[in-house]
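Notes for the structure review
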Amino acid sequence: MVFLTEGLSVNKGHLKINGCDAVDLAHEFGTPLYVMNENAIRNRCVEYKKSIEDYCGGSGKGKIIYASKAFSCLEIYRIMRDEGLGIDVVSEGELYTALKANFPARDIHFHGNNKTFNELFMAVKNNVGRIVLDNFCELKMLEKICSEYGKKIDIAMRIKPGVSAHTHEFIRTGQIDSKFGFAIETGEAMRAIKYIGQIDQINLKELHCHIGSQIFDVEPFVLAAQVMMDFISSIRSEIGITIKELNLGGGFGIAYTKNDNPPSCEDYMKFISKAIREKARDFNLPMPYLYLEPGRSIVGEAGVTLYTVGAIKEIPNIRTWVSIDGGMCDNPRYALYRSDYTALIANKVEKDNDFKVTIAGKCCESGDLIQENAWIPKPKPGDIMAIISTGAYNYSMASNYNRIPKPAVVMLKDGKARLIVKRQTLDDLLKNDL
Ligand SMILES: *Cc1c(COP(=O)(O)O)cnc(C)c1O
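Cut-off values and rules
Residues numbered from 1 in each chain as written. Predicted model: local features only at pLDDT ≥ 70, side-chain atom pairs only at ≥ 80, totals over all residues. Heavy atoms only, no water. Domains from an automatic or database assignment. Contact = heavy atoms within 4.5 Å. Buried area = accessible area lost by both parts, 1.4 Å probe. Near = heavy atom within 4 Å. Polar contact = N/O pair within 3.5 Å; in protein donor to acceptor, adjacent residues only side chain to side chain. Areas by Shrake-Rupley, 256 points an atom, 1.4 Å probe, with all protein chains shown as cover. 1 Å grid on protein atoms, 1.4 Å probe; cavity = no way out; pocket = protein on both sides within 12 Å on 5 of 7 lines; lining within 4 Å. Sits in = over half its atoms within 2 Å of the grid points. Nonpolar A, V, L, I, M, F, W, Y, C, P; charged D, E, K, R; others polar. Salt bridge = Lys/Arg side-chain N within 4 Å of Asp/Glu carboxyl O. Helix = DSSP H or I, 4+ residues; strand = E, 2+ residues; numbered from the N terminus. Buried < 20%, exposed > 50% of the residue type's maximum accessible area, 1.4 Å probe, protein only. Pairing = 2+ DSSP bridges. Points joined across faces, edges and corners; volume = space filled by probe spheres on them.

1. A word on the domain arrangement of the protein chain
- Domain assignment breaks the protein chain into domain 1 (8–37 + 300–430) and domain 2 (61–294).
- Centre-to-centre, using C-alpha coordinates, domain 1 lies 34 Å away from domain 2.
- Residue-level contacts link 18 residues of domain 1 with 11 residues of domain 2.
- Looking at the side of domain 1 facing domain 2, the largest losses of area belong to Glu301, Tyr393 and Tyr395, adding up to 30% of the total buried there.

Dropping the structure here:
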């Protein structure tokens with residue numbers, strides 16, 4: 001049996017996505033095509049919200065913040081607004097898009113290790129709920145903006161908890177060597193908190209950490225939660241203030257292949273909330289308001305990319321190259337990280353996966369691959385290839401390398417398809433050329 005994520009099924013040998021025939025979608029909207037399943041996205045939002053209700057003492061005890069760098073466009077902000085989630089943005093482009101989608105500014109967290117003066121100004125001017133302070137240089141700029149414009153702002157502060165995790169490995173080290181946030185060990189974080197305490201216009205409400213991405217273990221999150229609670233306790237002892245909001249970031253893993261078995265958000269939340277509760281009890285601290293910032297795990301499995309198979313080259317005893325009509329320009333993740341993906345032939349899903357191929361893109365780079373050693377039914381030109389779990393960090397990482405227009409994005413809801421991002425035209429590519 002082929003690996004299928006939520007909302008995928010097989011009917012008469014064709015792949016169906018949320019009730020829509022993938023081959024029909026490819027013909028109607030063209031390829032390459034990003035297909036997103038709105039029902040699956042909303043189901044993840046509901047699960048995350050429920051995990052806050054079940055494990056944090058009710059829905060008023062925390063909030064899920066969608067890390068929108070995973071997939072950003074007007075429609076996803078509208079969906080997140082409708083679901084009552086907050087969002088993270090990391091640039092003025094993401095902030096602008098969110099505001100244009102009428103996303104409530106108070107529910108926006110603004111991240112980044114090198115926010116520009118203009119970005120900070122835009123965030124302050126629009127009353128963004130939290131600026132997540134990353135460094136002293138930014139603190140100085142914020143102080144200037146707030147006093148010049150007579151604004152008071154609430155901020156979060158990004159801390160390096162000394163836990164670093166990626167997929168199946170994590171390390172507990174000094175981890176002060178990161179471009180993100182303030183270190184605890186060096187005294188840098190405490191120094192910043194003392195400094196903020198003297199600025200009337202800047203109110204530190206929340207401590208934040210983010211330990212990595214595509215993490216399959218609960219343990220690194222538990223460790224990070226403990227380190228952060230210890231630090232909240234130290235801040236109270238040293239400065240006498242109690243930070244009441246804790247943000248543990250994102251990084252929850254998803255399934256790209258049948259070998260991936262990530263915990264559910266309930267599993268994560270159960271253990272994370274337990275660790276926080278125990279620390280709160282030990283230190284006699286209030287249970288903090290909890291934020292989580294999932295990106296990939298909200299949209300990742302809800303996406304499928306459809307391509308048309310073109311040139312096929314069989315090199316005897318070496319490999320078979322199958323080229324598709326997209327590549328690293330719409331999905332750079334294999335080129336960047338050797339990421340695993342599952343490939344299907346959408347018009348012959350019932351056939352045996354007995355043919356080993358290397359799937360290559362059409363860009364002029366030999367590293368332009370989508371997957372190596374993928375097992376699929378024997379392909380031929382004109383077949384529709386589906387790559388599963390491409391909802392996160394694909395469209396948002398797409399480029400116009402080789403002047404290839406970015407694909408369209410189609411959203412599927414209750415068996416109906418609607419275009420949410422148009423395909424770029426050749427003239428779009430010339431728009432800024434003088
Ligand atoms: C990238 C990022 C996230 C989301 O990570 P995922 O792995 O997509 O869940 C959350 N918070 C911060 C600060 C990030 O940089």
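2. A closer look at the site of the ligand
- Close to the ligand lie 15 residues; Lys69, Ser213, Glu293, Arg296 and Tyr393 are nearest.
- Between arginine 296 and the ligand, the recorded distance is 2.7 Å, taken from a backbone N or O atom to an oxygen atom.
- Measuring from an oxygen atom of the ligand, one finds a side-chain N or O atom of tyrosine 393 at 2.5 Å.
- Compared with its free state, where it exposes 390 Å², the ligand has 93% of that area covered by protein.
- According to the grid-proximity analysis, the pocket containing the ligand is the largest pocket.
- Of the residues contributing to the shell around the ligand, the split by class is three nonpolar, seven polar and five charged.

3. As for the pattern of salt bridges
- Overall, the coordinates contain 23 salt bridges when judged by the stated rule.
- Of the charged contacts, one joins aspartate 54 and lysine 50 as a salt bridge, the two residues approaching to 2.6 Å between their closest N and O atoms. Taken as a pair, aspartate 54 and lysine 50 lie in helix α2 (residues 38–55) at a separation of four residues, close to a single helical turn.
- By relative accessible area, which is 42% here, aspartate 54 ends up partly exposed.
- On the basis of relative accessible area, lysine 50 is assigned to the partly exposed category, the value being 47%.

4. Things to note about unusual backbone geometry
- With omega at -10 degrees, the peptide bond leading from threonine 31 into proline 32 counts as cis.
- Its location among the elements puts proline 32 in the loop between α1 (22–29) and β4 (33–37).
- Look at asparagine 284: it is not a glycine, yet its phi comes out positive at around 55 degrees.
- Tracing the sequence through the fold places asparagine 284 in the loop between α9 (265–283) and β16 (289–292).
- Under the relative-accessibility criterion, asparagine 284 is labelled exposed at 65%.
- Of note in the backbone geometry, arginine 338 takes a positive phi value of approximately 55 degrees without being a glycine.
- Looking at the secondary structure, you find arginine 338 in the loop between α11 (333–337) and β19 (343–345).

5. Some details on the sheet that holds strand β3 (residues 20–21)
- In spatial order, the strands read β1-β2-β3; together these three strands make up an open sheet with antiparallel pairing. On the outer flanks of this sheet lie β1 (8–11) and β3, each paired with one strand and no other.
- Note that strand β2 (residues 14–17) and β3 share two bridges and pair antiparallel. Residue pairing for β3: isoleucine 17 is matched across the bridge by cysteine 20.

6. With respect to the layout of surface pockets
- Here the largest pocket defines a volume of roughly 1,100 Å³.
- Lining the largest pocket are 47 residues, and of these Lys69, His210, Gly212, Ser213 and Arg296 sit closest to its centre.
- Looking at the lining of the largest pocket, the elements with two or more residues in it are β6 (86–89), β9 (153–160), β10 (163–166), β14 (212–213), α10 (296–299) and α11.
- Per-element accounting of the lining of the largest pocket gives the leading share, four residues, to β10.
- Classifying every residue of the lining of the largest pocket gives 16 nonpolar, 20 polar and 11 charged.
- A domain split of the lining of the largest pocket shows at least three residues from each of domain 1 (8–37 + 300–430) and domain 2 (61–294).
- Approximately 460 Å³ is the volume attributed to the second largest pocket.
- Of all the secondary-structure elements, those providing two or more residues to the lining of the second largest pocket are β19 and β21 (369–376).
- Ranked by residue count, the leading element in the lining of the second largest pocket is β21, at six residues.
- Among the residues making up the lining of the second largest pocket, the classes are represented as 11 nonpolar, six polar and five charged.

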